[in-house]
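Per-entry structural report
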Amino acid sequence: MVAPFWDDADFSSGQGTIFYQEYDTLYHEHNLLVQQVESWINKFTDTRNYKAEWTLKVTWVNAPAYPAGRTFGTSTYQAILSTDGSRSYALFLYQSGGMQWDVTQRPGNPVLMGFSSGDGLCGHSALSSGPTWKRYQPDRLLNTHTGLRGLQLYSLHQEERPNYRLRCLQWLKTQPQWPTWGWNQVSCPCSWQQGLWDLRFQPSSIGWWGLGSRQLCSFSSWRGGVCCSYGPWGELLQGWRVHDPWQFGRELEPQNWCCRWSDRPVLCALYQQRRPRVGCAGYRPPRPAWMFGDPHITTLDGANYTFNGLGDFQLVRAWDGNSSFLLLGRTAQTGSARATNFIAFAASYEARSLSPVTVRWLLEPNDTVRVQVNNQTVTFETQHEGRETFNSTGVTVTRAGSVVSAAFDGAVAVSVRALSNILHASCGLPAEYRGRTEGLLGVWNGNPGDDFRMPNGSSIPGNSSEASLFHYGMTWKTNDTGLLGERGDHPPSNFTPDFLTSLQKNKTLNETLLSKCHEDERCIYDSLATGNTDTGLNTRMLFASQQRMNATLNEYPPSIEGPHAVQAYLGQTTLVQYTSHPEHVTFTLRNSNSDFKLFENGTLLWTPKSLEPFTLEILARNVKVNLSSVLQPRTVVCACKDRSQCLYNQTGWMGNSSLEVARCRCGSSTFGHYCERSRDQCEAPCFAGVACVPGRGCEACPPHLTGDGRHCAALAPGLHCGNRSCPASYCYNRGHCHVSPERDCQPACTCHPAFSDSRCLVAGNPFTPAAPAGLPVRLIQLWLSEEENASVADVNASVAYRLGNLNVRAFLQNSEVLQINSSAAPASGSLRRHWRVFSKFQYLPQGPVIDFLNTKLLDAVVEAFLPQASWWRKNRSGRPRTDVNFHSISREDVHSVLALNVSTLKAYFKCNSYKDYRLVYSPQSGFTCVSPCSEGYCKHGGQCQHLPQGPRCSCVPFSIYTPWGERCEHLGMKLSAFFGILFGALFILLLLGAVGFAVLYFWRFWRYSPGNHYSHRLDSEG
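These notes cover the structure that comes with them. (Residues numbered from 1 in each chain as written. Predicted model: local features only at pLDDT ≥ 70, side-chain atom pairs only at ≥ 80, totals over all residues. Heavy atoms only, no water.)

1. What about the overall build of the protein?
Secondary structure summary: the protein contains 16 helices and 57 strands in total. Accessible area of the protein: about 52,300 Å², with a carbon and sulfur share of 52%. (Helix = DSSP H or I, 4+ residues; strand = E, 2+ residues; numbered from the N terminus. Areas by Shrake-Rupley, 256 points an atom, 1.4 Å probe, with all protein chains shown as cover.)

This is how it looks when you write it as structure tokens:
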């Protein structure tokens, strides 16, 4: 609670006005008032670099006291609240001479000024401990810290804390309402198992989702990036889109501000509107093709064949509107066998937003793969057993043992493995390339029958002979060595392999292999061709791995269908049913809670017994394929005293959980967070000395006061004081006299601010001089333009409205509004009208008006004509419009015609009727009449009284001195002090004489005593 002047004001009579204005400066928009507030805060609180994010200005102008019809004087003051989100301040400003409430009419109502935060932090005005009459004159209080009168400044915070709600709002304001990039073009794999086989996604540890979660990430230059989090059973928890893979942590900060660290679900909803969560509804696994053994090839449509060509071959070329991809393979003869195997692969990827990226995989001894990215060798630790990753623009290379994979721009993935001194590879393409492929991996269109299409467009059937397939494959041989590089050997050009039919003549060997290879022709062929059974068994193992990969990529976890938001009332049971289509699905809760009970068939019972934080997560598990899904529905509980008071659309989170608590709409008889408290008429305090009766409210006001018991005021003089009136000339110097019931119907005076006594006789207080008639005005000229066909009256009213709402209210009138010419607007083609306006501003003595008009007015006018959002309607009231949209103006469009400097203005303001008052000026306070009494007029501690004839000094004796003179400038010694010093000196002299006489007497007595051997008679002999 902030109270700039807390007392009973009464606006019911129509007197007095309250103005308020809000300044939203989240992005530090230029505003003169906000800059002035920031300057005061930085200067007077020793704060550095304070920048207000939000400011509220409230002004009470001529506020009358309660009851307005029977009180004298009004008060004008202002409160400014300012915050940067972490620090908050309140500034109270009181108009000099504008606090005129009559303290004699405020019985038992001592005004309060200050604040209370509700958590123990509070601040009170220095006037709180002073006499009552001073409390009602805060405009005269000199702030010793700031050196200004009528200014109070309070710090409303105990410590600086990060304001995540403000950071969220700032971020939301910088973002378009809906995402403008391809947020819906990539989805997450539906399970961890599925994602591990999708080489476009790489395991990542970003340390954000907490314990028990694993992440897979994929990044694309043209679609952005996506990271997906999975639970302990492989279930997809959530996914998020990001722009920049290298700034993933920074991009998640807004999600923390708006969701994790905010108690407002609406902020999280606004965040998710701009950054929608990524699910797996649109996920399509890549289509893998395989090349393994003495080359056995599985095309993109799943056709299988064996091709033992020798040379460099185009495996696949694919393209779409955004990118293109090329994969080549190089074969060599397998030892002395008439068969071949892959010894190198090379890929090239090009995209509109990327430079071309090339990767080579080269077979090295001991089943090692050497990798080159853009012709530069990538070095991995040879003894490292874990996963190693190399990132470059457009490609991520990962090594795990003898397997080296490359993901190109989050779209294409190639994985190469070295086994038995043979390179084996798989290639996965995205759905965008479907129908746009050619090469040994076939035409990807879902039809395996046309996969064996040659470069000239002709095709052979899929069941063709081995020789026909060999000749088909040779048509894709390439002589371009730019991608694979030059060969180190020179293979024969007429190489012809052995086919399986010719190798099966050895019946004994064939029968042995049939048992070991389980009749797998690929295993049999590689074993016969190389004479090595291990080579064939490795081929069989790789084919089985391919089958598992295809199966896992096309297996999906069970779906969960049911409400995504559950509402309940405290203490009552809510039933919700969840279902899933696949069989063998069971439902469980991830975390148990006594308020929730979930049956295996998906029936959920929720009986909220408390408001303890809890996150509801429903797991659906297909035990047949061991895949799981999770659903985290919104859980909203209402704890209002009556269910009809629940506002389920206005909620707040409980702790760091997904439980939301609905807000309550209380009736007239209840209040509290949950409407749990009944209103008591005695909770609000009654007037001082008035008792409160439970169920009835405050009793009557004390004697001689009137009101409802909570608000009491003095009786009008005629109601209590009879016909008593003020004596003639009781108040001096034009003071206002009234009979005060609080002073037993004795007369009291309301004086000019200059006077410090009760009868307006002794002056000495500073005051603002009155503005004389005929004071010159400040005159400026404006050049404006608009396209709304506004009339002269509309322009006049609109300009007056803007200038009348400047931070300093000094606008007088427009003296001339003249249309100059018209021209066609270049953008809209409509008619642009040009205007010249002369505007007058009134110089006033108080406050910063003079400084503002002379130094800041022109810039403020430019700011006032910045574009404003408005909805123009046809004027049907007949009154001039005040909302004409003018084009922005610059400093060159505002000209100063007439301005008066301080020296010239000083001649117009006089401190009349108050002799020897001196006129002083400051930019913030304007002109002030200052008494010599406040400037040390009386010397040597003399007491100063400013009478109508001028200042008078009452000299006060001190110590041994008596000041004298007109200003107590001379010092004289007190008569009593003089005689005291004289008699003291005589006494000391007398005392010294007595002491001397006594000493002489005793000395003579001792000298002539009979026993002294030095004594002798005068007449004795010598």
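Now that the structure has been shown, we can carry on.
2. A short note on the layout of surface pockets
Of the volumes computed, that of the second largest pocket is approximately 1,600 Å³. Elements with a contribution of two residues or more to the lining of the second largest pocket: α1 (32-44), β3 (54-64), β4 (74-83), β5 (88-99), β9 (148-149), α14 (849-864), β52 (918-922) and β53 (926-930). The element contributing the most residues to the lining of the second largest pocket is α1, with six residues. Looking at the lining of the second largest pocket residue by residue, the classes come out as 23 nonpolar, 20 polar and seven charged. (1 Å grid on protein atoms, 1.4 Å probe; cavity = no way out; pocket = protein on both sides within 12 Å on 5 of 7 lines; lining within 4 Å. Points joined across faces, edges and corners; volume = space filled by probe spheres on them. Nonpolar A, V, L, I, M, F, W, Y, C, P; charged D, E, K, R; others polar.)

3. Some thoughts on the pattern of salt bridges
Under the counting rule described, the total for this entry stands at 20 salt bridges. A salt bridge links arginine 330 to aspartate 312, with the nearest nitrogen and oxygen atoms 2.8 Å apart. Linking arginine 330 in strand β19 (residues 323-333) with aspartate 312 in strand β18 (residues 312-319), this pair joins segments that are 18 residues apart in sequence. Look at aspartate 312 and you get buried, because its relative accessible area is 5%. Measuring nitrogen to oxygen at the nearest pair gives 2.9 Å for the salt bridge that ties glutamate 816 to arginine 836. Taken together, the positions of glutamate 816 in strand β49 (residues 811-824) and arginine 836 in strand β50 (residues 831-842) put the pair 20 residues apart, joining distant regions of the chain. Among the residues examined, arginine 836 registers a relative accessible area of 23% and is labelled partly exposed. Through salt bridges with shared partners, one network takes in Asp312, Arg330, Arg487 and Asp489. (Salt bridge = Lys/Arg side-chain N within 4 Å of Asp/Glu carboxyl O. Buried < 20%, exposed > 50% of the residue type's maximum accessible area, 1.4 Å probe, protein only.)

4. A short note on empty space enclosed by the protein
Using the criterion set out here, one finds seven cavities of 30 Å³ or more in the structure. Here the second largest cavity defines a volume of roughly 60 Å³. Around the second largest cavity, the lining residues are Thr306, Phe307, Asn308, Glu466, Phe470, Pro497, Asp498, Phe499 and Tyr525. Counted by class, the lining of the second largest cavity contains five nonpolar, two polar and two charged residues.

5. A look at the sheet that holds β3
To summarise the sheet geometry, strands pair through backbone hydrogen bonds and adopt either a parallel or an antiparallel arrangement. With antiparallel pairing, the five strands of this open sheet are ordered in space as β2-β3-β4-β5-β10. The sheet is open, and its two edges are formed by β2 (17-24) and β10 (151-155), each paired on a single side. Each adjacent strand pair in this sheet contributes to an overall mean axis angle of 10°, direction not counted. With eight bridges joining them, β4 and β5 adopt antiparallel strand pairing. Bridged to leucine 81 within β5 is alanine 90. With respect to the sheet, α1 is in contact with β2, β3, β4, β5 and β10, its orientation differing from that of β5 by roughly 105°. (Pairing = 2+ DSSP bridges. Axes fitted to C-alpha atoms, helices over the stretch in contact; angles between N-to-C directions. Contact = heavy atoms within 4.5 Å.)

6. Notes on the packing of helix α3 (residues 164-174) against helix α6 (residues 265-274)
Running from N to C, α3 and α6 point in directions that differ by 30°, and their axes come no closer than 11 Å. Relative to α6, α3 is oriented roughly parallel. Here α3 and α6 pass one another in a crossing that is left-handed. In contact with Arg165, Cys168, Leu169, Trp171 and Leu172 of α3, α6 contributes Leu267, Leu270, Tyr271 and Arg274. Residue composition of the contact of α3 with α6, grouped by class: seven nonpolar, no polar and two charged. (Parallel < 35°, antiparallel > 145°, perpendicular 65-115°, else oblique. Left-handed = near helix turned anticlockwise from the far one by under 90°.)

7. Focus on the sheet that holds strand β30 (residues 565-569)
The four strands are arranged β30-β37-β39-β38 in an open sheet whose pairing can be described as mixed. The outermost strands of the open sheet, each flanked by one partner alone, are β30 and β38 (646-653). Each neighbouring strand pair of the sheet contributes to a mean axis angle of 35°, computed without reference to strand direction. As paired strands, β30 and strand β37 (residues 634-638) are joined by five bridges and run parallel to one another. Paired with alanine 568 across the two strands is valine 637, which belongs to β37.

8. Let's talk about the side chain of serine 125
Checked against the element boundaries, serine 125 lands in the loop between β7 (122-124) and α2 (132-135). For serine 125, a relative accessible area of 6% puts it in the buried group. Residues in contact with serine 125, not counting those within four places in the same chain, are Met113, Leu141, Gln152 and Tyr154.

9. A short note on the nonpolar core
Core analysis: the largest hydrophobic core is formed by 52 residues, its most contacted members being Phe325, Trp361, Phe408 and Leu429. Residue contributions to this core peak at five residues, all from strand β20 (residues 340-351). (Core = buried A, V, L, I, M, F, W, Y, C linked by side-chain atoms within 4.5 Å.)

10. Section: the state of the cysteines
Counted by the stated rule, this structure contains 17 disulfides. Here cysteine 188 connects covalently by a disulfide to cysteine 228, the sulfurs 2.0 Å from one another. Handedness here is read from the sign of the S-S torsion; for cysteine 188 and cysteine 228, about -90°, the answer is left-handed. Of this pair, cysteine 188 sits in the loop between α3 and α4 (192-197) while cysteine 228 sits in strand β13 (residues 224-230), and the two are 40 residues apart along the sequence. The exposure classification of cysteine 188 matches that of cysteine 228, with both residues buried. (Disulfide = S-S within 2.5 Å.)

11. Considering a nonpolar patch on the surface
On the surface, Phe979, Leu982, Phe983, Leu986, Phe987, Ile988, Leu989, Leu991, Leu992, Val995 and Val999 cluster together into a nonpolar patch covering about 1,100 Å² of accessible area. Along the chain, leucine 982 turns up in helix α16 (residues 975-1007). (Patch = residues over 30% accessible without salt bridge, like charges linked within 9 Å, V, L, I, M, F, W, Y side chains within 5 Å.)

Coordinates in, geometry out; function isn't part of it.
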